[in-house]
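In case you want the letters, here they are:
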Amino acid sequence: MLTEFEIKELIYRLANLEPGISDIFIFSGYPLQIVVYGKVKSIYFDDFPIEKLSPFQVETIAFNMLKENPHLFKKLLKDGYADLSYFLDDDTRFRVNIFSRQRTYNIVMRKLESKVKSIEDWGLPKVFYKIAQEKYGVVLVTGATGQGKTTTLAAILHEINKNENVHIITLEDPIEYIHQPIKATINQRELGTDFSSYAEGLRAALREAPHVILVGEIRDRETMDIVLTAAETGHLVFSTLHTIGASQTLNRILGFYLPEEEHTIRYRLAGSLRWIIGQKLLPKIGGGRIPIFDILYNSLRVREIIMTGEKEGKTFYDVMTQGSAFGMRTFDQDLIELYKKGLIEEEIAIMHAIRKDKVSREIDLIKKLKSIEETEAFLELGEKGVK
C-alpha cells in the first residue's frame with residue numbers, strides 16, 4: 001500500500017519528467033500516463049513497473065488526496081466526481097478531478113503554473129489590454145476543457161491587478177492561480193470550501209463591495225441571471241462557457257431560458273455583454289502548442305444581431321471578419337495566418353476551420369504564391385549562374 005510520502009514522490013517524478021507536461025493520468029486498468037503538448041504518453045518506472053494500475057492502487061491515491069477535504073468524499077459518492085487542489089512540498093500545484101468509472105476511481109491532474117504570467121508573457125493579442133480596461137459588463141472566455149481559458153483569465157486579472165485600485169473577488173473550482181495583490185485587493189474563494197454553488201457565491205459576492213468578479217464557469221440559468229444582474233448594476237464580470245464560437249455561446253445562454261423569455265434575455269445581453277473570446281490550443285510544427293482566438297466585441301452591429309438574431313449577411317462571423325479595427329478576429333483568420341507563417345500543418349488548419357471551404361481556398365492561394373516565389377528565386381539564381 002502506497003504511503004503519503006510515496007504518492008507525493010511518484011507525482012513529483014511524473015510532473016518533472018520532461019518539458020511540456022500539462023496533465024497526469026492515474027486510471028484504473030492503465031499504466032501511469034502524462035500528457036505532453038497534448039499527446040498521451042505511458043510511463044513505466046523501474047521501481048514502479050506497473051503495466052496496469054489496480055482499482056485499489058488508484059483508490060489509495062485518490063483517498064489520500066481527499067483526506068484533507070472530507071466534504072468531497074460525499075460529493076464523490078453522490079455525484080461521481082470531485083474537484084480539488086493538490087500541492088507538492090516544492091509548491092508545485094495541480095487541479096485534480098477524481099471521477100468514478102464502472103465502480104473504479106480515476107484521477108486527472110492538471111499541472112498549474114506557479115507564477116501568474118502577464119498578457120505579454122503569454123503573447124496574447126494586444127486587444128486583451130483593452131479588455132482589461134473595461135469597467136462594467138460581461139466578458140466570456142469560451143472553449144473546450146484544457147484550451148487555456150483559465151490561463152487567459154488569469155493574465156487579464158493580473159493586468160487589472162497591476163493597474164487598478166479595485167476589489168476583485170474570484171469564485172473558482174478549484175483555485176488555480178494564486179494572485180498576489182499589487183494595486184488591487186483580491187479575495188479568491190473556492191467552491192465547496194468557501195461557498196456551496198456558483199449562484200450562492202455570486203449572490204454573496206454582490207454584498208462584498210466588489211468592482212470585478214470572476215466566476216469560474218456559468219453552468220445554469222440561476223448563475224447566468226446573477227451574472228447579468230451584476231453587470232447591469234455596474235460590475236465587471238468575467239466567466240467561462242464550454243462553447244465554441246460566438247453563435248454557439250449565445251445559443252447556449254438562450255438555452256437556459258424559456259422560449260417566451262428570449263426577447264428579454266436578448267435585450268439584457270445586448271446591454272451587458274462586452275466581449276466573447278473563443279480559444280483553442282493547436283499542435284505546433286516542431287512541438288508545443290499555439291493558441292488561436294475568435295474575438296467578438298459588442299459593437300453597434302453586434303448589438304443589433306444579438307437583439308434580432310443572425311441572418312444571411314448579418315452574422316457574428318461576418319462582423320468579426322470585418323472588425324479588426326475593434327480588435328475582433330475569427331479562428332479562420334488566425335488559422336490562415338499561422339499556416340502562412342509555417343507554424344501549423346495544413347490538415348490542422350482545415351480540421352479546426354469554421355468555414356473550411358474559405359480556409360482551403362486561402363491555403364491554396366498561399367501555396368500558389370509560395371510556388372511562384374520559389375520558381376522566380378530559382379530562375380534568378382540560374383541567371384546569375386549564366387553570367
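Quantities reported herein were computed from a predicted structural model and do not represent experimental measurements.

Focus: the overall build of the chain
Stage number 1. Helix and strand counts for the chain come out as 15 helices and 13 strands.
Stage number 2. C-alpha extents for the chain along the principal axes are approximately 75 × 60 × 40 Å.
Stage number 3. Partitioning the intrachain contacts of the chain with sequence separation of at least 6 by distance along the chain shows that 55% fall at a separation of at least 24.
Stage number 4. Accessible surface, the chain as shown: approximately 19700 Å² in total, 53% of it carbon and sulfur.

A look at helix α6 (residues 149-163)
Stage number 1. Taking 1.5 Å per residue as the helical rise, α6 with its 15 residues ought to reach 21 Å, and the 22 Å between its terminal C-alpha atoms agrees with that figure.
Stage number 2. Of all 15 residues making up α6, 12 are buried, and the element is well covered by its neighbours.
Stage number 3. Taken together, the buried positions of α6 are Lys-149, Thr-151, Thr-152, Leu-153, Ala-154, Ala-155, Ile-156, Leu-157, His-158, Glu-159, Ile-160 and Asn-161.

A short note on the domain arrangement of the chain
Stage number 1. Domains assigned within the chain are domain 1 (4-112) and domain 2 (126-354).
Stage number 2. Between domain 1 and domain 2, the contact holds 10 residues from the first and 13 residues from the second.
Stage number 3. Contact between domain 1 and domain 2 buries roughly 1000 Å² in total, counting both sides, with carbon and sulfur atoms accounting for 48%.
Stage number 4. Considering only the surface of domain 1 that becomes buried against domain 2, Tyr-37, Arg-93 and Arg-95 emerge as the three largest contributors, covering 42% of it.
Stage number 5. Taken together, domain 1 and domain 2 are joined by 1 salt bridge.
Stage number 6. The residue Arg-95 makes a salt bridge to Glu-176 at a minimum N-O spacing of 2.3 Å.
Stage number 7. Looking at the side of domain 1 that touches domain 2, the elements with two or more residues in it are β4 (81-87), β5 (93-101) and β6 (104-112).
Stage number 8. By residue number, the principal contributor to the side of domain 1 that touches domain 2 is β4, which donates 3 residues.
Stage number 9. The residue inventory of the side of domain 1 that touches domain 2, partitioned by class, reads 3 nonpolar, 3 polar and 4 charged.

Here's the deal with the environment of Glu-172
Stage number 1. As for its placement among the helices and strands, Glu-172 is situated in strand β8 (residues 167-172).
Stage number 2. Sequence spacing of Glu-172 and Glu-113 is 59 residues, and the spatial spacing of their C-alpha atoms is 16 Å.
Stage number 3. With sequence-adjacent residues up to four places away left out, Glu-172 is seen in contact with Gln-188, Arg-189, Glu-190, Leu-191, Phe-195, Tyr-198 and Leu-214.
Stage number 4. A distance of 2.6 Å separates polar atoms of two side chains, one belonging to Glu-172 and the other to Thr-170.

Digging into the packing of helix α10 (residues 262-272) against helix α11 (residues 300-308)
Stage number 1. Orientation of α10 relative to α11, taken along the N-to-C sense of each, is 165 degrees, at an axis distance of 8 Å. Here α11 runs roughly antiparallel to α10, going by the angle between their axes. Our pair here, α10 against α11, has a crossing hand that is right-handed. Every residue of α11 that contacts α10 at His-263, Arg-266, Tyr-267, Leu-269 and Ala-270 is listed here: Arg-303, Ile-305, Ile-306 and Met-307.
Stage number 2. Considered class by class, the residues forming the contact of α10 with α11 number 6 nonpolar, 1 polar and 2 charged.

Here's the deal with the sheet that holds β4
Stage number 1. Across the sheet, which stays open at both edges, the 6 strands sit in the order β3-β2-β1-β6-β5-β4 with antiparallel pairing between neighbours. Unpaired on one side and paired on the other, β3 (39-43) and β4 mark the two borders of the sheet. Each adjacent strand pair in this sheet contributes to an overall mean axis angle of 25 degrees, direction not counted.
Stage number 2. Relative to β5, β4 runs antiparallel, the two being bridged by 7 bridges. Bridging from a neighbouring strand, Leu-84 pairs with Val-96 of β5.
Stage number 3. The sheet strands contacting helix α2 (residues 55-66) are β1 (21-26), β4, β5 and β6, and the helix crosses β6 at an angle near 55 degrees.
Stage number 4. Against the sheet, helix α3 (residues 70-79) contacts β4, β5 and β6, and its axis sits at roughly 145 degrees relative to β4.

Observations regarding the nonpolar core
One recurring pattern in soluble globular proteins: nonpolar side chains tend to sit buried together.
Stage number 1. Grouped together as the largest cluster of nonpolar side chains are 66 residues, with contacts concentrated most on Phe-128, Ile-160, Phe-238 and Phe-316.
Stage number 2. For this core, the leading source of residues is helix α8 (residues 221-232), giving 6 residues.
Stage number 3. If near-sequence neighbours (up to four positions away) are discounted, Ile-160 is found in contact with Ala-132, Val-166, Ile-168, Val-212, Leu-236 and Phe-238.
Stage number 4. Among the nonpolar cores identified, the runner-up in size contains 32 residues, and Ala-15, Phe-45, Tyr-86 and Phe-94 belong to it.

Things to note about the pairing of strand β2 (residues 32-36)
Stage number 1. With 5 of its 5 residues buried, β2 lies for the most part within the structure.
Stage number 2. A two-sided burial pattern is seen for β2, the buried positions comprising Leu-32, Ile-34 and Val-36 on one face and Gln-33 and Val-35 on the other.
Stage number 3. Across 4 bridges, the pairing between β1 and β2 is antiparallel. When the bridges of β2 are listed, Asp-23 appears paired with Val-35.
Stage number 4. In sequence, β1 turns back onto β2 through a hairpin of 5 residues, with Gly-29 there showing a positive phi of about 90 degrees.
Stage number 5. With 5 bridges joining them, β2 and β3 adopt antiparallel strand pairing. Among the inter-strand pairings, Gln-33 is bridged to a residue of β3, identified as Ser-42.

Some points on the pattern of salt bridges
Stage number 1. Overall, the coordinates contain 26 salt bridges when judged by the stated rule.
Stage number 2. For the salt bridge of Asp-225 with Arg-268, the shortest nitrogen-to-oxygen distance reads 3.6 Å. Remark: Arg-268 occurs in helix α10 and Asp-225 occurs in helix α8; sequence separation between them is 43 residues.
Stage number 3. Owing to a relative accessible area of 22%, Asp-225 belongs among the partly exposed residues under this scheme.
Stage number 4. Of the charged contacts in the structure, one is a salt bridge between Arg-268 and Glu-232, with a shortest N-O distance of 2.8 Å. Of this pair, Arg-268 sits in helix α10 while Glu-232 sits in helix α8, and the two are 36 residues apart along the sequence.
Stage number 5. The exposure class of Arg-268 is buried, given its relative accessible area of 18%.
Stage number 6. What you see here is one network of salt bridges that share partners, running through Arg-221, Asp-225, Glu-232, Glu-261 and Arg-268.

Rules used in this analysis
Residues numbered from 1 in each chain as written. Predicted model: local features only at pLDDT ≥ 70, side-chain atom pairs only at ≥ 80, totals over all residues. Heavy atoms only, no water. Helix = DSSP H or I, 4+ residues; strand = E, 2+ residues; numbered from the N terminus. Contact = heavy atoms within 4.5 Å. Areas by Shrake-Rupley, 256 points an atom, 1.4 Å probe, with all protein chains shown as cover. Expected span 1.5 Å × (residues − 1). Buried < 20%, exposed > 50% of the residue type's maximum accessible area, 1.4 Å probe, protein only. Domains from an automatic or database assignment. Buried area = accessible area lost by both parts, 1.4 Å probe. Salt bridge = Lys/Arg side-chain N within 4 Å of Asp/Glu carboxyl O. Nonpolar A, V, L, I, M, F, W, Y, C, P; charged D, E, K, R; others polar. Polar contact = N/O pair within 3.5 Å; in protein donor to acceptor, adjacent residues only side chain to side chain. Axes fitted to C-alpha atoms, helices over the stretch in contact; angles between N-to-C directions. Parallel < 35°, antiparallel > 145°, perpendicular 65-115°, else oblique. Left-handed = near helix turned anticlockwise from the far one by under 90°. Pairing = 2+ DSSP bridges. Core = buried A, V, L, I, M, F, W, Y, C linked by side-chain atoms within 4.5 Å.

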